[in-house]
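Each chain, letter by letter, is given below.
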Amino acid sequence: MTIQYDAARQLFHLQSSSTSYAFELIEGRYPSHLYWGRRIRGNQLHTLASRQERASFSPNPLPERHEISFDTMPHEYPSYGNSDYRTPAFEVQYANGSTVTDLRYESHEIVQGKPSLEGLPATYAEADSEADTLRVTLRDSLSGLAVMLTYTVFNELDAITRSVSFLNEGVETVTLKRVLSMSVDFQHDRYDMLHLSGSWARERDVFRRSLRPGMQSIESRRGSSSHMQNPFVAMLEHGATEDYGDAYGVNFVYSGNFIGGVEVDQFRTARLFMGINPFDFGWKLEAGEVFQAPEAVLVYSPDGLGGMSRIYHELYRTRLCRGTFRDSVRPVLVNNWEATYFNFDADKLEAIAEVGSELGMELFVLDDGWFGRRNSDNSSLGDWFVDERKLPGGLKDVVSRVNKLGMHFGLWFEPEMISPDSELYRNNPDWCLHVPGRYRTQGRNQLVLDLSREDVQQYLIDTVSDVLRSAPITYVKWDMNRNMTEIGSALLPADRQRETAHRYMLGLYNVLESITSAFTNILFESCSGGGGRFDPGMLYYMPQTWTSDNTDAVSRLRIQYGTSIVYPISAMGAHVSEVPNHQVGRITSLETRGHVAMSGNFGYELDLTKFTDEEKGIVREQIIMYKALRELVQFGDFYRLLSPFEGNQSSWMSVSKNKREAMAVYVQVLNEPHSPFGRIKLKGLDPSLNYQLVGTDRVYGGDELMYAGIAVPLFHHDFASILLQFVAE
Ligand code: DGJ
């Protein structure tokens with residue numbers, strides 16, 4: 001049993017293979033957090049349950065029990081209005097206008113396995129024996145409102161998931177104004193907060209700062225998880241490194257507005273929280289209705305940031321991503337976007353595919369511009385029928401030409417959008433998010449379809465499915481290129497307008513579930529101007545994401561390194577593109593571009609017909625090498641060696657599960673005169689095995705590679721790199 005309930009002490013203890021998470025019921029009523037960290041045997045957790053009166057300004061809910069105060073208690077799901085003055089996990093407004101809730105324990109149940117969250121993406125168990133789930137019901141007796149806290153512990157994967165649902169069992173309608181999915185109180189604030197923040201083309205830079213009194217948080221109000229902030233927060237004990245020390249991560253399985261952060265209070269305790277952003281949110285809950293909040297994934301590792309990342313990687317690769325492609329190697333692709341932009345015809349596409357096929361590429365992807373009358377980004381989104389001026393034989397013809405070259409065919413869509421200059425908009429001007437009478441703000445000349453509407457959802461399911469049925473398409477790139485404005489829906493009543501942004505997400509998830517479950521042989525890759533929606537919500541439907549529109553090898557060091565803090569390598573699209581790079585103008589060698597892109601789901605995104613014979617030779621070799629390495633790269637264990645955020649060198653590696661194969665990449669950004677001799681210490685190998693450096697007759701002990709390291713060349717130019725491949729003897 002991985003969830004124990006000690007009835008005498010009213011204590012819940014969740015245990016995975018290496019983690020414990022525990023809380024107790026104070027006075028049989030109030031769930032109070034005890035411990036989250038390295039696994040502890042049995043239930044000897046009483047030493048942690050210290051309660052003392054702290055200050056007269058902290059009110060007491062129980063007369064004569066001055067050692068109990070909501071203001072000092074570590075809560076499992078903090079309330080407010082009756083004396084916890086820290087940031088609450090929820091806020092409810094009742095029919096009489098009041099916002100005070102008194103939640104008390106009512107019951108609990110422990111079940112094997114992991115029930116799904118209806119209509120929402122979530123991690124899953126394939127067999128009931130993989131996980132156990134605890135559901136604690138709390139109730140506000142005056143209003144009849146029930147709050148269910150759900151915890152699942154994965155036995156082997158070392159992760160705990162939390163979610164919350166609200167059930168209105170009263171007679172009056174209530175309004176939910178804030179519903180976070182998790183909150184954990186830590187006893188002290190000697191931690192750093194780490195988060196992944198950036199912008200378009202600079203996604204997921206790693207930021208780490210020491211906790212300070214007050215609120216430190218990140219959020220998105222953009223209608224998507226966003227380029228700007230990723231729905232992830234970690235707390236690291238002071239001094240914790242990549243390899244050592246306590247690391248606590250929280251990641252939100254949601255693709256819309258979120259908030260996450262840490263509040264440090266007057267007693268220097270730290271409250272870590274994550275959930276739907278209460279900004280501009282509201283949800284009317286009528287009698288008998290349920291509101292299910294999305295899932296938060298909690299990971300603890302005593303092995304620093306790297307240990308935490310590997311737990312997320314394994315969990316997401318095996319129990320978040322789904323479908324045929326979850327466990328199969330991903331194809332080497334060529335995408336025509338940076339090769340042609342909107343300016344192509346069938347012959348040009350075939351010419352690119354022909355070179356791709358000759359060089360060993362397996363999938364040709366036709367990007368934006370194949371539909372409606374789209375010669376630039378100012379029209380046709382919504383009109384998902386082929387532009388026969390560019391492709392006179394339709395999709396069938398171009399797919400068949402590509403297939404004849406021995407390659408699969410993939411197609412780009414941006415289904416969630418509508419161009420004002422489109423048949424769809426002319427016929428359905430109310431189908432976009434808008435507020436009556438107000439200006440409709442455009443972004444990239446487009447508006448956002450109102451996916452809270454069932455008719456719009458059905459239109460997308462039908463039209464995208466029709467295209468996918470019209471030709472043998474094996475890959476889809478699902479793009480989304482702007483954020484929401486004037487958030488309102490023509491079909492919702494006034495008192496439900498604040499539900500629109502969340503209803504949009506539920507609608508999107510419904511569309512994605514319908515399409516991805518109907519086309520199981522298609523590999524889906526999500527995209528949002530690159531990595532503007534790189535979150536676990538999207539990974540549940542689509543096992544990979546276009547990491548960034550910035551394909552420059554040097555920029556990608558940081559982008560891919562930051563992304564790897566949470567997300568598995570098998571989730572990251574990485575392509576070699578032209579130089580000077582289209583986003584930053586930098587010129588890097590084909591080798592370095594290859595080494596960096598080969599560290600993800602590999603592809604090319606440039607006009608292959610312009611390659612010289614020498615370049616073709618290099619690319620042919622890269623593809624042979626990647627095919628030999630891809631199982632290791634996509635499904636091996638990932639270790640970060642040198643951080644691009646800390647120096648001029650960057651390095652990372654992958655090790656196969658049986659530790660018999662490994663590959664490491666080392667990149668030196670700028671050449672420095674008289675720099676020290678470089679050495680990288682590898683990680684994750686078997687110290688007792690001997691490894692041959694492929695392509696040489698040199699053999700190294702695993703212990704030597706990890707403890708003494710391996711020398712890297714003294715490069716004499718900028719942006720230099722080396723890829724080392726090892727096989728155990
Ligand atoms: C943004 C994507 O990130 C690009 O890769 C490309 O597909 C364009 N959209 C097409 O409009």
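For clarity, every value in this text was computed on a predicted model and none was experimentally measured.

A.B. asks: Is there a simple way to explain the overall build of the protein in this structure?
C.D. replies: In terms of regular secondary structure, the protein is built from 12 helices and 38 strands. Relative to the globule expectation of 27 Å for 729 residues, the C-alpha radius of gyration of the protein, 27 Å, shows essentially globular dimensions. If you line up the protein on its principal axes, its C-alpha atoms span 85 × 70 × 45 Å. Across the 729 residues in the protein, those meeting the buried criterion constitute 63%. Here the analysis covers contacts within the protein between residues at least 6 apart in sequence; of these, 69% occur between residues at least 24 apart. When the accessible area of the protein is evaluated, it comes to approximately 26700 Å², of which 49% is carbon and sulfur surface. Measuring between centres, the 70 positive side-chain charges of the protein sit 2 Å from its 94 negative side-chain charges.

A.B. asks: What is the right way to read the packing of helix α9 (residues 553–563) against helix α10 (residues 590–597) from this model?
C.D. replies: What describes two packed helices is the angle between their axes and the distance between those same axes. Where α9 meets α10, the closest approach of the two axes is 9 Å, and the angle between their N-to-C directions is 15°. As summarised for this structure, α9 and α10 are arranged roughly parallel, according to the angle between their axes. The handedness of the crossing between α9 and α10 is left-handed. Together, A553, R556, L557 and Q560 of α9 and T592, R593 and V596 of α10 make up the contact between the two elements.

A.B. asks: Help me understand the site of the ligand, please; the structure alone is not making it clear to me.
C.D. replies: What surrounds the ligand is a group of 13 residues, the closest being D367, D368, K477, D479 and D549. At 2.7 Å, a side-chain N or O of K477 approaches an oxygen atom of the ligand. In the complex, 98% of the free accessible area of the ligand, which totals 290 Å², lies under the protein chains. Tallied by class, the residues present in the shell around the ligand amount to 4 nonpolar, 3 polar and 6 charged.

A.B. asks: Could you clarify how one ought to interpret unusual backbone geometry in this entry?
C.D. replies: In most cases, non-glycine residues show a negative phi, while peptide bonds are predominantly trans. For the bond running from V579 to P580, omega is -10°, close enough to zero to count as cis. Topologically, P580 is positioned in the loop between β29 (572–577) and α10. Within the chain, D158 stands out as a residue other than glycine whose phi angle is a positive 60°. Looking at the element boundaries, D158 is found in the loop between β8 (145–154) and β9 (159–168). Accessibility expressed as a relative area gives 10% for D158, which makes it buried. Positive phi, close to 40°, is recorded for E486, a residue that is not glycine.

A.B. asks: Explain the domain arrangement of the protein to me, please; I cannot follow it from the model alone.
C.D. replies: You'll often see interface size given as the accessible area lost when the parts meet. On domain assignment, one finds that the protein holds domain 1 (90–319), domain 2 (333–635) and domain 3 (642–728). Measuring from the centre of the C-alpha atoms in domain 1 to the corresponding centre in domain 3 gives 37 Å.

A.B. asks: Just to check I follow, could you spell out the sheet that holds strand β35 (residues 690–693) for this structure?
C.D. replies: Adjacent strands of a sheet form backbone hydrogen bonds with each other and so pair up, either parallel or antiparallel. An order of β31-β32-β33-β38-β35-β36 is seen for the 6 strands of this open sheet, with the pairing classed as antiparallel. Pairing within the sheet leaves two strands with one partner each, and these edge strands are β31 (637–642) and β36 (699–701). Taking each pair of neighbouring strands and ignoring which way they run, the sheet shows an average axis angle of 25°. Pairing geometry for β31 and strand β32 (residues 649–655), over 5 bridges, is antiparallel. Looking across to β32, one finds that L642 is bridged to S651. Of the strands in this sheet, β31, β32, β33 (661–668) and β38 (720–728) are in contact with helix α11 (residues 613–635), which crosses β33 at around 100°.

A.B. asks: Help me understand the environment of E263, please; the structure alone is not making it clear to me.
C.D. replies: Along the chain, E263 turns up in strand β16 (residues 258–264). Sequence separation of E263 and S650 is 387 residues, and the distance between their C-alpha atoms is 33 Å. In contact with E263, other than residues within four places in its own chain, are R86, T87, G214, M215, T269, A270, R271 and F273. Within polar-contact distance, the side chain of E263 engages the backbone nitrogen of T87 at 2.6 Å.

A.B. asks: Help me understand the sheet that holds strand β3 (residues 19–26) in this model?
C.D. replies: Judged by pairing direction, the sheet is antiparallel, and its 4 strands sit side by side in the order β1-β2-β3-β4 without closing on themselves. Either end of the sheet is taken by a strand with one partner, and the two such strands are β1 (3–6) and β4 (30–38). Each strand of the sheet is rotated relative to its neighbour by a mean of 15°, with strand direction disregarded. When strand β2 (residues 11–15) meets β3, the two strands line up antiparallel, connected through 5 bridges. Of the residues in β3, the one forming a bridge with L11 is E24.

Calculation criteria
Residues numbered from 1 in each chain as written. Predicted model: local features only at pLDDT ≥ 70, side-chain atom pairs only at ≥ 80, totals over all residues. Heavy atoms only, no water. Helix = DSSP H or I, 4+ residues; strand = E, 2+ residues; numbered from the N terminus. Rg over C-alpha atoms; globule rule 2.2 N^0.38 Å. Buried < 20%, exposed > 50% of the residue type's maximum accessible area, 1.4 Å probe, protein only. Contact = heavy atoms within 4.5 Å. Areas by Shrake-Rupley, 256 points an atom, 1.4 Å probe, with all protein chains shown as cover. Lys, Arg positive; Asp, Glu negative; His and termini not counted. Charge placed at Lys NZ, Arg CZ, Asp CG, Glu CD. Axes fitted to C-alpha atoms, helices over the stretch in contact; angles between N-to-C directions. Parallel < 35°, antiparallel > 145°, perpendicular 65-115°, else oblique. Left-handed = near helix turned anticlockwise from the far one by under 90°. Near = heavy atom within 4 Å. Polar contact = N/O pair within 3.5 Å; in protein donor to acceptor, adjacent residues only side chain to side chain. Nonpolar A, V, L, I, M, F, W, Y, C, P; charged D, E, K, R; others polar. Domains from an automatic or database assignment. Pairing = 2+ DSSP bridges.

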